[in-house]
Amino acid sequence: MKNVLTIAGSDSSGGAGIQADIKTMGALGVHGMSVITAVTAQNSLGVQKSFPLTPEIIGEQLESLFSDIEIDGVKIGMVSDVEIIKIIREKLLKYSAKNIVIDTVMVSKNGYHLLKPEAVEELKSLISISTLVTPNIPETEILADMKIKTQEDIKKACIKIAKLGVKAILIKGGHSDENSCTDTLYFENSFYHYTTPRLENKNTHGTGCTLSSAITTFLAKEKSIPISVELGKKYITKAIENSFDLGHGIGPLGHFIEIYKKLSIKY
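What counts as what
Residues numbered from 1 in each chain as written. Predicted model: local features only at pLDDT ≥ 70, side-chain atom pairs only at ≥ 80, totals over all residues. Heavy atoms only, no water. UniProt positions renumbered as here; feature names shortened; annotations may be inferred. Phe/Tyr/Trp six-rings, centres within 6.5 Å; stacked < 30°, edge-to-face > 60°. Helix = DSSP H or I, 4+ residues; strand = E, 2+ residues; numbered from the N terminus. Buried < 20%, exposed > 50% of the residue type's maximum accessible area, 1.4 Å probe, protein only. Salt bridge = Lys/Arg side-chain N within 4 Å of Asp/Glu carboxyl O.

Labelled according to an unreviewed UniProt entry, the protein chain appears under the name hydroxymethylpyrimidine kinase, originating from Fusobacterium necrogenes. What the UniProt record of the protein chain gives under Pathway (unreviewed entry) is the line "Cofactor biosynthesis; thiamine diphosphate biosynthesis."

In structure tokens form, the structure reads like this:
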């Protein structure tokens, strides 16, 4: 069995962050492990508070895992500040980590800033050693330092971000106003487009975490980057289709729907 690590924040409601990542990895047949970077007070209505862990304990978690276990893929989510990013980069380089996927978690759906503005430049240094980065359009505008209005803008932004050194860029199109959702992958000087119908479903808590974890899992299973993105998109589409109500706000995805069906568990 392949081993996949998520480096991210904990979501107390279980819909996003570490919890969504571990669910995704388990559903897709790998052993999921975690390095927690922050504890959040969070529910279906959004993030109320975030409490980052110290760089020391984050570094110790990484040392503990990499010194003992063969890690086939690394997904990185919420990383908060400069010093946390520095220690993660240091450890990943020390152990020659492979299949690194960065979900550029900057702002929560309810507007809570999960990445300090001064940490953006340091995040770029982490992106430079990664396999794939998966920003949405607002995050892409920050990373590429440009406004995005058209598909041509997305292509230009991909090329700009690629200059950081990352192997591939997947710009998610969920923030567009179109009836369909097109994600754009830039890899080895070629563009790939993944278009799905826009699902009319309010329960989308943890979509970015889930997609990036799914892609990391398929990379760990030795699929190519384009195929890993394609399979990740198929998984998250089904998870959104089977999401459910929780609390008074945005509910989580149906990560385990296929398992529930096989076990004849009422969903």
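Asks: What am I meant to see in the packing of aromatic side chains here?
Replies: Given two aromatic rings, one states the distance between the centres and the angle between the planes to describe the pair. Considering all chains together, one arrives at 2 aromatic pairs under this definition. Ring plane angle 15 degrees and centroid distance 5.4 Å describe the contact between phenylalanine 66 and tyrosine 95, whose orientation is recorded as stacked. Placement of the pair is phenylalanine 66 in helix α2 (residues 55-66) and tyrosine 95 in the loop between α3 (82-94) and β5 (100-102), with a sequence separation of 29 residues. With relative accessibility at 25%, the residue tyrosine 95 sits in the partly exposed group. Ring geometry for tyrosine 186 versus phenylalanine 191: centroids 4.7 Å apart, planes at 35 degrees, classification tilted. Judged by its relative accessible area of 27%, phenylalanine 191 falls in the partly exposed class.

Asks: I'm lost on the pattern of salt bridges in this one. Help?
Replies: Side-chain pairs of opposite charge can arise whenever the charged atoms involved come near each other. Under the criterion given, the structure shown has 15 salt bridges. Notably, a salt bridge pairs lysine 86 with glutamate 83, separated by 3.8 Å at the nearest N-O pair. Placement of the pair is lysine 86 and glutamate 83 together in helix α3, with a separation of 3 residues, close to one helical turn. With a shortest N-O distance of 3.7 Å, glutamate 230 and lysine 234 are connected by a salt bridge. Of this pair, glutamate 230 and lysine 234 both sit in helix α8 (residues 225-241), separated by 4 residues, roughly a single helical turn. When its relative accessible area of 32% is taken as the criterion, glutamate 230 is described as partly exposed. When salt bridges that share partners are traced, they join Glu63, Glu90, Lys91 and Lys94 into one network.

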